[in-house]
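What the coordinates show
Read off the chains here:
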Amino acid sequence: MTEPVTPALREMRWWDIDPVLELEKALFPEDAWSRGMFWSELAHSRGPEATRRYVVAENGDRIVGYAGLASSGDLADVQTIAVAQDHWGTGLGGRLLAELLRAATAFECAEVMLECRVDNVRAQKLYERFGFQPIGFRRGYYQPGNVDALVMRLTTASDSGPATEPTSVQGTEIND
């Protein structure tokens with residue numbers, strides 16, 4: 001009996017966009033990103049002025065996951081994380097998130113934000129395991145389904161300790 005192969009993580013490149021789009025459409029049929037959105041993100045992911053980090057998880061010649069992070073100043077935002085359904089429960093989502101958090105550290109970000117569908121409890125539990133705290137909601141964020149987003153934050157700066165006051169995030173209802 002052969003051991004299952006652990007998917008390898010590597011930088012996402014332009015030639016990965018088509019297989020990533022296939023996975024994107026399978027996982028997020030109502031609000032899938034477009035080819036142009038991925039191209040735009042990748043355009044900011046290389047060189048000395050890079051503000052993005054996108055990775056894919058490859059199992060043989062198949063992409064089974066991907067993730068992306070954007071940074072601006074001392075704030076990073078998890079743009080996307082996706083894992084093929086046949087790889088759910090394998091720890092791949094955690095590996096992808098850990099890679100994004102390493103990138104946030106490299107970008108010298110003190111906080112990492114993300115939005116998660118309120119009905120995606122599986123993802124919320126993953127983020128909570130990594131220390132993300134829910135801080136509010138964005139009503140009707142996911143379109144066209146008009147699904148609310150739970151906004152979560154992780155404070156990464158070791159010298160600031162845990163955040164005691166919610167940060168004002170435009171368009172977000174902050175819950176204390």
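For the structure given in this document, a descriptive report is provided here. The structure displayed is predicted, hence computed values, not measured ones.

Cis peptide bonds are those with omega within 30 degrees of zero, and the linkage from Q143 to P144 qualifies with 15°. Inspection of the secondary structure assignment puts P144 in the loop between β6 (133–142) and β7 (147–155). Positive phi is not limited to glycine here, since E108 has a value of about 60°. With respect to the secondary-structure elements, E108 resides in the loop between α3 (92–106) and β5 (111–117). You can call E108 exposed: its relative accessible area is 66%. Positive phi, close to 60°, is recorded for N146, a residue that is not glycine. Note on placement: N146 falls in the loop between β6 and β7.

The subject of this paragraph is helix α1 (residues 17–27). Turning to α1, its buried residues number three or more, namely I17, V20, L21, L23, E24 and L27. The buried side chains of α1 occupy one side of the element, clustering within an arc of 165° when seen end-on. For α1, exposure combined with an orientation more than 90 degrees from the buried face picks out E22, K25 and A26. Against α2 (35–43), β2 (52–59), β3 (62–72) and β4 (75–83) lie the buried residues of α1.

Turning to its location among the elements, E115 is positioned in strand β5. For E115, a relative accessible area of 14% translates into the label buried. One polar contact links E115 to R138, side chain to side chain, over a distance of 2.7 Å. For E115, the residues in contact, after removing those within four places along its chain, are D77, R138, Y141, Y142, A149, L150 and V151.

It is worth spelling out the packing of aromatic side chains at this point. Inspection of the entire model under this criterion finds 6 aromatic pairs. Aromatic pair W33 and F38: ring centres 4.9 Å apart, planes at 45°, arrangement tilted. Like F38, W33 is buried. Relative to Y66, the ring of F38 lies with its centre 5.9 Å away and its plane at 80°, an arrangement referred to as edge-to-face. Taken together, the residues span a long stretch of sequence, with F38 in helix α2 and Y66 in strand β3 at a distance of 28 residues. A relative accessible area of 0% means that Y66 is categorised as buried. One aromatic cluster is present, built from ring pairs that chain together W14, W15 and W39. When the ring centre of Y142 is taken as reference, the NZ or CZ atom of R117 above it lies at 5.7 Å.

Time to look at the side chain of D16. With respect to the secondary-structure elements, D16 resides in the loop between β1 (8–11) and α1. Looking at D16, its side chain comes within polar contact range of the side chain of R10, at 2.7 Å. A polar atom in the side chain of D16 sits 2.8 Å from the backbone nitrogen of R13. When near neighbours in sequence (up to four residues on either side) are disregarded, D16 contacts R10, E11, V56 and I63.

Another point: the layout of surface pockets. It is the rolling of a water-molecule-sized probe over the atoms that shows where space remains empty. In this structure, the largest pocket encloses a volume near 1,000 Å³. Taken together, 38 residues make up the lining of the largest pocket; nearest its centre are F28, I81, N120, A123 and Y127. Within the residue set of the lining of the largest pocket, elements represented by two or more residues are α1, β4, α3, β5, α4 (121–129) and β6. Looking at the lining of the largest pocket residue by residue, the class counts come to 19 nonpolar, 11 polar and 8 charged.

Calculation criteria
- Residues numbered from 1 in each chain as written.
- Predicted model: local features only at pLDDT ≥ 70, side-chain atom pairs only at ≥ 80, totals over all residues.
- Heavy atoms only, no water.
- Helix = DSSP H or I, 4+ residues; strand = E, 2+ residues; numbered from the N terminus.
- Buried < 20%, exposed > 50% of the residue type's maximum accessible area, 1.4 Å probe, protein only.
- Arc of directions from axis to C-beta.
- Contact = heavy atoms within 4.5 Å.
- Polar contact = N/O pair within 3.5 Å; in protein donor to acceptor, adjacent residues only side chain to side chain.
- Phe/Tyr/Trp six-rings, centres within 6.5 Å; stacked < 30°, edge-to-face > 60°.
- Lys NZ or Arg CZ within 6 Å of the ring centre and 35° of its normal.
- 1 Å grid on protein atoms, 1.4 Å probe; cavity = no way out; pocket = protein on both sides within 12 Å on 5 of 7 lines; lining within 4 Å.
- Points joined across faces, edges and corners; volume = space filled by probe spheres on them.
- Nonpolar A, V, L, I, M, F, W, Y, C, P; charged D, E, K, R; others polar.

Note that every value here comes from positions in space, so none of it alone points to a role or purpose.
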